[in-house]
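Working through the structure, step by step
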Amino acid sequence: MSDILVTGGRGAIARGLSSLLTARGLPHRLASREPDKPGTVHCDLSDPATFPAALAGVRSVFLYAESSAIDAFVEEAVRAGVEHVVLLSSSSVLDPDAERSPLAAAHLAVERALLASPLRTTLLRPGSFASNALAWAWSLKSGRPVHLPYPGSYCDPVHEADVAESAFAVLTDPSLGGRAYTLTGPQSLTFAAQLALLGEAVGSPIPFEPVSREQWKAEVDGYIPGPYAEALLDFWAATDGLPVSLTDAVEQLTGHAPRTFATWSADHADAFRGEASRA
């Protein structure tokens with residue numbers, strides 16, 4: 001099989017996908033903006049100068065949604081003979097105001113560039129990553145409750161391993177490619193419910209405290225740019241008390257039901273247990 005380029009090589013999804021390809025003996029190269037392992041190639045998706053070497057001999061690409069140089073990436077991919085691109089997009093592109101949303105605009109721009117090209121394109125559109133919960137470990141480290149502006153906001157946390165397996169499926173089974181898949185976890189859960197499940201995995205309750213939008217924005221200032229913070233708050237407000245829709249796409253692609261948030265919590269308990277023990 002021809003080489004597969006896996007971008008975003010320092011991310012959990014790319015690493016998981018690389019492990020699956022290795023286990024099957026499928027030739028591929030892991031690429032990163034900041035290569036940190038032997039054999040990882042340099043590919044900065046915002047720097048077209050890095051594209052030719054990374055894409056040489058490649059026939060399929062797992063691509064993260066960086067929009068700043070997507071036209072140059074598409075041009076070089078076509079020149080290199082790439083046949084199939086699997087994009088890690090976002091279900092936020094399905095929102096009516098996606099073009100104006102800081103959370104969706106970049107993903108939508110990359111989708112459109114790929115779909116307008118001769119490249120066969122498969123779109124993976126996860127909803128909420130279960131790994132977003134890792135941001136709460138910081139609160140535990142600082143010895144205070146997790147601050148939530150909308151504790152009753154629902155999301156569909158999907159395990160990064162399920163996203164990696166879905167990408168593996170569409171990269172290795174031609175019959176699955178050329179479509180769009182909205183990936184969700186198996187449950188619609190509030191933030192409060194997620195913290196309860198995390199507490200069970202860690203072995204002690206994880207407290208939370210409702211806060212105002214303004215207080216939360218002040219706390220994340222310097223970490224999350226203002227427009228993104230506002231967009232997140234608006235999204236959480238829209239799903240406050242309203243369960244989100246789920247799909248069967250993960251099971252369709254992987255052959256098994258998506259992993260639960262309880263499973264994700266058990267898999268990552270050390271990240272929270274270690275902080276809790278020092279709190």
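Let me begin by describing the structure that accompanies this report.

Conventions we followed
Positions within a chain are numbered from 1, following the residues in the order the chain's sequence is written. This being a predicted model, a pLDDT of at least 70 is required before a residue's local features are given, and a value of 80 or more before pairs of side-chain atoms are given or counted; all residues contribute to the totals for chains, interfaces and linings. Values reported for side chains reflect all heavy atoms of the structure, with hydrogen atoms and water molecules removed beforehand. The set of buried Ala, Val, Leu, Ile, Met, Phe, Trp, Tyr and Cys residues whose side-chain atoms join them within 4.5 Å is what this entry labels a nonpolar core. Relative accessibility decides the category of a residue: with a 1.4 Å probe and only protein chains considered, values under 20% of the type maximum give buried, values over 50% give exposed, and everything between is partly exposed. Only runs of H or I of at least four residues qualify as helices and only runs of E of at least two qualify as strands under DSSP, and these elements are numbered from the N terminus. Contacts are assigned to residue pairs that have any heavy atoms within 4.5 Å of one another. Definition of a polar contact: a pair of N or O atoms within 3.5 Å, with one able to donate and the other able to accept a hydrogen when the atoms are protein atoms, and with sequence-neighbouring residues admitted only if both atoms are side-chain atoms. At least two bridges found by DSSP between two strands are what make those strands a pair. As a rule, the C-alpha atoms of each element are fitted with a line to give its axis, helices using only the stretch in contact, and angles between N-to-C directions run from 0 to 180 degrees. One less than the residue count of a helix, multiplied by 1.5 Å, gives the span that helix is expected to have. This arc describes the spread of directions from the helix axis toward the C-beta atoms. A pairing counts as a salt bridge when a side-chain nitrogen of Lys or Arg comes within 4 Å of a carboxyl oxygen of Asp or Glu. Comment on the angle field: the value is read as roughly parallel under 35 degrees, roughly antiparallel over 145, roughly perpendicular from 65 to 115, and oblique elsewhere. Note on convention: the crossing is left-handed when the near helix lies turned anticlockwise from the far helix by less than a right angle, right-handed when the turn is clockwise. Think of it as three bins: nonpolar holds Ala, Val, Leu, Ile, Met, Phe, Trp, Tyr, Cys and Pro, charged holds Asp, Glu, Lys and Arg, and polar takes everything else, Gly as well.

Structural notes on the nonpolar core
Within the largest apolar cluster, 26 residues are counted, with the highest numbers of intra-cluster contacts made by Val 6, Leu 17, Phe 62, Tyr 181, Leu 183 and Leu 253. No other element matches helix H6 (residues 160–172), which puts seven residues into this core. Not counting residues within four places of it along the chain, the set of residues in contact with Leu 253 comprises Leu 124, Ser 166, Ala 169, Val 170, Leu 176, Tyr 181 and Leu 183. Counting 24 residues, the second-largest nonpolar core is a separate cluster that includes Trp 136, Leu 140, Val 211 and Val 220.

Things to note about the environment of Thr 254
As for its placement among the helices and strands, Thr 254 is situated in helix H10 (residues 249–254). When the C-alpha atoms of Thr 254 and Ala 164 are compared, they prove to be 9.7 Å apart, with 90 residues separating the residues in sequence. Apart from residues lying up to four places away in sequence, Thr 254 is in contact with Asp 162, Glu 165 and Ser 166. At a separation of 2.7 Å, a polar atom in the side chain of Thr 254 contacts the main-chain carbonyl oxygen of Val 250. Engagement of the side chain of Thr 254 in a polar contact is seen with the backbone oxygen of His 256, the distance being 3.2 Å.

Section: the environment of Ala 49
Residue position: Ala 49 is located in the loop between strand E3 (41–42) and helix H2 (51–55). Separated by 24 residues in sequence, Ala 49 and Phe 73 have C-alpha atoms that sit 9.8 Å apart.

Some words on the sheet that holds strand E6 (residues 120–126)
Taken together, the seven strands give an open sheet; going across it, the order is E3-E2-E1-E4-E5-E6-E9, and neighbouring strands pair in parallel fashion. Because the sheet does not close on itself, it has two edges, and the strands there are E3 and strand E9 (180–183). Bridging between strand E5 (residues 84–88) and E6 involves five bridges; their strand directions are parallel. Within E6, the residue paired with Val 85 across the bridge is Thr 121. Across the face of the sheet, helix H1 (residues 12–23) comes into contact with strand E1 (3–6), strand E2 (28–32), strand E4 (58–64) and E5 while running at roughly 165° to E2. Packed on one face of the sheet, H6 meets E1, E4, E5, E6 and E9 and runs near 165° to E6.

A short note on H6
Here H6 is 13 residues long and its end C-alpha atoms lie 18 Å apart, about the 18 Å a rise of 1.5 Å per residue gives. Most of H6 sits out of view: twelve of its 13 residues are buried. Among all positions of H6, only Glu 160, Asp 162, Val 163, Ala 164, Glu 165, Ser 166, Ala 167, Phe 168, Ala 169, Val 170, Leu 171 and Thr 172 are buried.

Brief notes about H1
For H1, built from twelve residues, the straight-helix expectation of 16 Å at 1.5 Å per residue is met to within 8% by its first-to-last C-alpha distance of 16 Å. Within H1, burial applies to Ile 13, Ala 14, Leu 17, Ser 18 and Leu 21. The arc that holds the buried residues of H1, viewed along the axis, is 135°, so those residues lie on one side. Those residues of H1 that are exposed and aimed more than 90 degrees away from the buried face are Thr 22 and Ala 23. On the buried face of H1, the contacting elements are E1, E2, E4, E5 and H6. Phi for Gly 25, located one or two positions after H1, is positive at around 70°.

Concerning the pattern of salt bridges
Counted by the stated rule, this structure contains twelve salt bridges. Connected via shared salt-bridge partners are Arg 213, Lys 217, Glu 230 and Asp 234.

Let's talk about the side chain of Ser 89
Within the secondary structure, Ser 89 sits in the loop between E5 and helix H4 (105–115). Residue classification places Ser 89 among the buried positions, given a relative accessible area of 4%. Within the structure, Ser 89 has its side chain in polar contact with the side chain of Glu 111 (distance 2.6 Å). Ignoring any residue separated from it by four or fewer positions in sequence, one finds Ser 89 in contact with His 107, Glu 111, Leu 124, Arg 125 and Pro 126.

Looking at the packing of H1 against H6
Two numbers describe how H1 lies on H6: the axes approach to 8 Å, and their chain directions differ by 50°. Between H1 and H6, the angle falls in the class oblique. Judged by the twist between their axes, the crossing of H1 over H6 is right-handed. Touching Ala 12, Ile 13, Gly 16, Leu 17, Leu 20 and Leu 21 of H1 are Glu 160, Val 163, Ala 164, Glu 165, Ala 167, Phe 168, Leu 171 and Thr 172, all from H6. Residue classes in the contact of H1 with H6 are distributed as ten nonpolar, two polar and two charged.

Such coordinate-based values are descriptive only and should not be taken to indicate function.
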